[in-house]
Amino acid sequence: MGFPRNRALKALAATGNRSVQLASDWLLTHVNDTSLDVEEPREYVLYINPTGKLLVHIYEFREKSKAISGWNGAHNFHPHITLVPFFKAADEESIQLAKAVKQVVEKVGHPPACPIKLETYISPNFIGLFISDEYANYFKEISKQYLRQVSKNLLIDATNLETHAKSLHMTLAYHFDVSAFDSLKLLADKIELPERCNWELRLYSRDARFANHQVHKVTQGYAPKASDELELVIGDYIYIKKSEFDSSTDGWVHGTSWLTGVSGYLPGIYTQRTAESDAWTLHRVISLGPSNCMECKSSDSEGNTEGEMSNYPHEDAASLGQEKSEETYREWEKYWREVQNNRSESILRITQGTSIDWKSSRAQGTGESDHSIDTLDSSCSDKNCRRWFFAMRHGERVDLTYGQWVPFCFDENGTYIRKDLNMPLKLGERAGGGAAYARDTPLTRVGQLQARLVGEGLRLAGVSVAHVYASAALRCVETAHSFIEGLQADPSVKIRVEPGLFEFKHWYAPTGVGPFMTLWELHKAGYNVDLRYKPYVDLDTNTSETLEQWYKRNEIVAHSVVRDTAAVGGNVIFIGHAATLDLMVFALKRYGNKRLGPANYKISNNLLRVPYCALGAMRDNPWQVVSPPCPPSINSSSGRFDWKILLDV
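Predicted, not measured: the structure shown is a model, and the values here were computed from it.

Draft legend 1. Structural view of the overall build of the chain. Within the chain, the secondary structure is distributed over 19 helices and 18 strands. For the chain, buried positions account for 47% of its 649 residues. In the chain, once contacts between residues fewer than 6 apart in sequence are set aside, the share between residues at least 24 apart is 76%. Summing over all exposed atoms, the chain offers an accessible surface of approximately 34,500 Å²; the carbon and sulfur share of this is 50%.

Here you go:
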């Protein structure tokens, strides 16, 4: 791809050798990183990490300990047992280091079948869990075999490992204030230690230059006002020396961005300290557990036994989406009764309260109305050419399709398991795991298709889109991603994640707005987001807002986009929520119209008549609501099929 070899290797190692695309994006974001060509090997470490109930209990202890005594040494890292302490390796070795993890596990085999025994150890300056001998010996064997494997190609001091592996333990707290000892001891005694624990073998790496730095997560964006200031992007991590906070008199500190590698001064109050390991790169993960064997079944079995049924991961979710299915079946019952008794020809009159006026659409089904006399050629560069401005609601969402879905689809390890064909094939890693997905839902597969069809419709109508803005809600980002796929847009067209497009926060008052995925999390999950885009609105998810404030932030986004894209031209789409269509029209009709008084926006009565992926359209010069250049769409509801009804046949 034209990158120098040393930069390519550095980018691949820094991104865990996930993909060439991810590595190239890393290089683009680090274009101003002055250390890009500095030969500094990364530091690698091999951990055993707990998962499941044990991990939950440890995190609960850590949060409570932080409230008691503040930050202590254990908060710097994810809960772990160190098998191989930090060692340096050249970037070109990163792939072999990751492969060696799998090779070692295959050689050593599965862990002991007996339950692991954890023993709490407490001293005046240390609280931790020590591992029973059976598991300790197993983990030590992994560490020794891994050392032998990588020592064939790398120079690592073996004595370091042998000394470290004498007593394997997991730290709960250390370097804490002596006055907090009694409270922490009481807290540690209350930890529930499960008999069976799940473990993962993980290979991490970190930038060796920042080994002695604190890591702070950006919680509020900041635009530099001087050349020596650092831009802050929400979700980014900043490396900061502790001495910076000790010596600062005004709260400003010097730090380096994990996302860009650029250094500068920043207001420390816009960040929050987090675990150092949050900024590490994960190279390999292998779950450690007994082999998944099943009892042999008779080949002449007449049907599925309970044991056989449980072999399918989706069979433990029989009640998933049950209420929604029953609601759908009631609608279908109305339809069949109407068809059989009254010979009604249209399901729409029965289940939707409306019908299609097929005669209102033109031939070829482009959906153009009589007033669509403007050319559809969106490549027009003439300043007098009227641009398209679209607004679209997101596609079908998982939570409103299945109801309570997270308890069925995430196991105790936090691993996502698809229990229905209409559910996403996979979900990206995000802070908060399943709990975060429960509050910030993804799209169903049908929802992705709905968005793709709209993009395809515009493409077939000859209309391109150059600027894609999406609400920060995951369902909107996914809708934008699928829309771009259907549009087959130019590779330069990326999703600009704009929190200002999010819906009315007041509707989330009972539970609060769920945390959105960061740009980097979205990027790692494969979504085509613009990592360099700076949002017009910095949305505070922890506060409520008035109706006027909700409208105002949407107006700021709409007006700013019109102004900032005028010079380059190109059509625009805002992808958000049901109210986004109404808000766009209201805001753009007011754009540049000084005769209008203060905005008096009211929620439209038609909000409930805006289905998934509904598309609204306007043209500028002058602003006018027009028919979209592609047809709308409709799809019938479908309940979840229970195959057991066939047993009665």
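There's plenty left to go through after this.
Draft legend 2. A look at the sheet that holds strand β3 (residues 118–123). The strand order across the open sheet formed by three strands is β3-β4-β5, and the pairing between neighbours is antiparallel. Either end of the sheet is taken by a strand with one partner, and the two such strands are β3 and β5 (169–174). Here the average twist between neighbouring strands, direction ignored, is 20°. Sheet analysis places strand β4 (residues 126–131) next to β5, joined by five bridges and oriented antiparallel. Counterpart to Phe126 in the pairing with β5 is Tyr174.

Draft legend 3. Expanded view of the pattern of salt bridges. All told, the structure shown has 19 salt bridges when counted by the stated rule. Among the salt bridges present, the one from Asp37 reaches Arg7, with a minimum N-O distance of 2.8 Å. Residue Asp37 is found in the loop between α2 (20–29) and β1 (42–51), and its partner Arg7 is found in helix α1 (residues 5–14); the two are separated by 30 residues along the sequence. Residue Glu555 pairs with Arg590 through a salt bridge whose shortest N-O separation is 3.7 Å. Taken together, the residues Glu555 in helix α18 (residues 547–565) and Arg590 in the loop between α19 (578–589) and β17 (615–619) connect sequence positions 35 residues apart. Its relative accessible area of 8% is what places Glu555 among the buried residues. Under the relative-accessibility criterion, Arg590 is labelled buried at 17%. Salt bridges linked by common partners bring Glu43, Arg206 and Glu276 together as one network.

Draft legend 4. Quick peek at the side chain of Gln450. Here Gln450 shows up in helix α15 (residues 445–460). Classification of Gln450 by relative accessible area gives buried; the value is 10%. Each residue touching Gln450, except ones within four places of it in the same chain, is listed here: Gly395, Glu396, Tyr612, Cys613 and Asn635.

Draft legend 5. Highlighting the packing of α18 against α19. For the pair α18 and α19, the least separation of the axes is 9 Å and the interaxial angle reads 65°. For the element pair α18 and α19, the recorded crossing hand is right-handed. On α19, the residues that touch Trp550, Tyr551, Asn554, Glu555, Ala558, His559 and Val562 of α18 are Ala579, Leu583, Phe586, Ala587 and Leu588.

Draft legend 6. Looking closely at a positive patch on the surface. A cluster of like positive charges, contributed by Lys107, Lys144, Arg148 and Lys152, occupies part of the molecular surface. Mapped onto the elements of the fold, Arg148 is located in helix α5 (residues 133–151). For Arg148, a relative accessible area of 55% gives the class exposed.

How each quantity is defined
Residues numbered from 1 in each chain as written. Predicted model: local features only at pLDDT ≥ 70, side-chain atom pairs only at ≥ 80, totals over all residues. Heavy atoms only, no water. Helix = DSSP H or I, 4+ residues; strand = E, 2+ residues; numbered from the N terminus. Buried < 20%, exposed > 50% of the residue type's maximum accessible area, 1.4 Å probe, protein only. Contact = heavy atoms within 4.5 Å. Areas by Shrake-Rupley, 256 points an atom, 1.4 Å probe, with all protein chains shown as cover. Pairing = 2+ DSSP bridges. Axes fitted to C-alpha atoms, helices over the stretch in contact; angles between N-to-C directions. Salt bridge = Lys/Arg side-chain N within 4 Å of Asp/Glu carboxyl O. Left-handed = near helix turned anticlockwise from the far one by under 90°. Patch = residues over 30% accessible without salt bridge, like charges linked within 9 Å, V, L, I, M, F, W, Y side chains within 5 Å. Lys, Arg positive; Asp, Glu negative; His and termini not counted. Charge placed at Lys NZ, Arg CZ, Asp CG, Glu CD.

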